[in-house]
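Okay, here's what each chain looks like letter by letter:
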Amino acid sequence: MAENGMPGPVCDLSEVRESVCIHTKKIFDSCRDKDCIEDLRFYPTTAAAQVLSGCQMIRGGTAELLYVYTDVEPVTFNRGFYSVDMRFFYRVTLQVAAGTPRYTEAEGLCVFDKRCILFGSEGSAKIFTSQTAFDELDIPARMSTNLPTAVVEAVDPIVLDTRIAECCNPCQCECSLTEIPACIAQCFAQDLVFDNCSSRRYYVTLGQFTLVRLERDTQLLIPVYDYCIPQTECCDDDQQDPCGLFRSVAFPVSEFFPPNSVEMPKDYISTKNYCSCK
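One structure accompanies this document, and this report is about it. On a predicted model such as this, the values are computed, not experimentally measured, just so you know.

## Section: the sheet that holds strand E5 (residues 104-119)
Working step 1: Overall, antiparallel pairing links the four strands, which are arranged E2-E5-E4-E3 in an open sheet. Two strands bound the open sheet, and with one partner strand each, they are strand E2 (43-44) and strand E3 (57-74).
Working step 2: Note that strand E4 (residues 81-97) and E5 share 16 bridges and pair antiparallel. Directly across from threonine 93, in E5, lies its bridge partner glutamate 107.
Working step 3: Packing of helix H5 (residues 268-276) onto the sheet brings it into contact with E3 and E4, and relative to E3 it is tilted by some 130°.

## Some remarks on the nonpolar core
Proteins that are soluble and globular tend to have nonpolar side chains buried together.
Working step 1: Phe42, Leu52, Tyr90, Val92, Val204 and Leu206 are the most contacted members of the largest nonpolar core, which has 31 residues in total.
Working step 2: Of all elements in the fold, only strand E1 (18-41), helix H1 (46-53), E3, E4, E5 and strand E12 (200-224) reach the threshold of two or more residues within this core.
Working step 3: If we skip the residues at most four places from it in the chain, phenylalanine 42 touches Leu52, Val92, Leu94, Ala106, Glu107, Gly108, Leu109, Cys110, Tyr202 and Val204.
Working step 4: Among the nonpolar cores identified, the runner-up in size contains nine residues, and Tyr43, Phe89, Leu109 and Val111 belong to it.

## Quick word on the pattern of salt bridges
Working step 1: Overall, the coordinates contain eleven salt bridges when judged by the stated rule.
Working step 2: Among the ionic contacts, a cluster of salt bridges with common partners joins Asp33, Asp35 and Lys114.

## Some thoughts on empty space enclosed by the protein
Working step 1: A complete count under the given rule lists one cavity of 30 Å³ or more for this structure.
Working step 2: Taken together, Gly61, Thr62, Ala63, Pro157, Ile158, Val159, Lys272, Cys275 and Ser276 make up the full set of residues lining the largest cavity.
Working step 3: For the lining of the largest cavity, the elements supplying multiple residues, two or more each, are E3, strand E11 (158-166) and H5.
Working step 4: Its residues assigned to classes, the lining of the largest cavity shows five nonpolar, three polar and one charged.

## Let's talk about a nonpolar patch on the surface
Working step 1: On the surface, a cluster of nonpolar side chains totalling about 500 Å² of accessible area is made up of Phe251, Val253, Phe256 and Phe257.
Working step 2: Inspection of the secondary structure puts phenylalanine 257 in the loop between helix H4 (253-256) and H5.
Working step 3: Since its relative accessible area comes to 60%, phenylalanine 257 is described here as exposed.

## So, the pairing of E3
Working step 1: Where E3 lies against E4, 15 bridges are found, and the strand directions are antiparallel. Each residue of the ladder has a partner; that of leucine 65, found in E4, is tyrosine 90.
Working step 2: Between E3 and the antiparallel strand that follows it, E4, lie six residues; phenylalanine 77 among them carries a positive phi value of about 65°.

## Side note on the state of the cysteines
Working step 1: Counted under the stated rule, the structure contains zero disulfides.
Working step 2: For the unlinked cysteine cysteine 183, the closest cysteine sulfur is that of cysteine 187, found at 6.6 Å.
Working step 3: The exposure class of cysteine 183 is partly exposed, given its relative accessible area of 44%.

What counts, and where the lines are drawn
Residues numbered from 1 in each chain as written. Predicted model: local features only at pLDDT ≥ 70, side-chain atom pairs only at ≥ 80, totals over all residues. Heavy atoms only, no water. Pairing = 2+ DSSP bridges. Helix = DSSP H or I, 4+ residues; strand = E, 2+ residues; numbered from the N terminus. Contact = heavy atoms within 4.5 Å. Axes fitted to C-alpha atoms, helices over the stretch in contact; angles between N-to-C directions. Core = buried A, V, L, I, M, F, W, Y, C linked by side-chain atoms within 4.5 Å. Buried < 20%, exposed > 50% of the residue type's maximum accessible area, 1.4 Å probe, protein only. Salt bridge = Lys/Arg side-chain N within 4 Å of Asp/Glu carboxyl O. 1 Å grid on protein atoms, 1.4 Å probe; cavity = no way out; pocket = protein on both sides within 12 Å on 5 of 7 lines; lining within 4 Å. Points joined across faces, edges and corners; volume = space filled by probe spheres on them. Nonpolar A, V, L, I, M, F, W, Y, C, P; charged D, E, K, R; others polar. Patch = residues over 30% accessible without salt bridge, like charges linked within 9 Å, V, L, I, M, F, W, Y side chains within 5 Å. Areas by Shrake-Rupley, 256 points an atom, 1.4 Å probe, with all protein chains shown as cover. Disulfide = S-S within 2.5 Å.

Following this line, the structure appears as structure tokens:
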């Protein structure tokens, strides 16, 4: 068996045994983005609307990315390029002050639309595949066109700011959502309030990190060393010694000796924790 049996850097190509053709998805184009989404309309649940009706102040809380709807369409007069339209659905939990020292949580929905244009090459082939059905006749799968597939990778956003706005002519303010997918509505324990004639509006500013790419099915010729056989043994975490785990934890010196200065967070995890506690 070849020595280079694990994925990693290639030092010696003499161990290559053969070349094989594989079917996989090739990334034709990709991009990354860092969006500061200002003043997203916050649509509360019925219980949250009652809490917000008597609130004096709202502050940052947490946000969870529920789903990203994507749609790929060819760009006119620009062959090989496609527009990727994305709609992000967030579950946002705000901290509401209603005259008591203790904050009350208010849950609701925020929606963000985004578009990018990427290169996805061309293809006009019609693709047919079969699906194996045990103890039955194989059935053909539905025909699919040779459009590229959009893949969106995103982390939960950071709640950067919240604010309350009073609307003088409520029914003439900006348009509100009228309908959302059923799977999104089911993520909330109560119905969402989309009343556009309310005199108060609640807005949230989010920070979103996103990776977008266009993939296409293709065949690639690659060198093969050998079969990839796992080298690590399976272990049962339940049998791990708790005292041994504790001994591997470094002593928290900083918890006993406060620092002379406090640095602002610079990475995603620390910034998210910092903003959620504001």
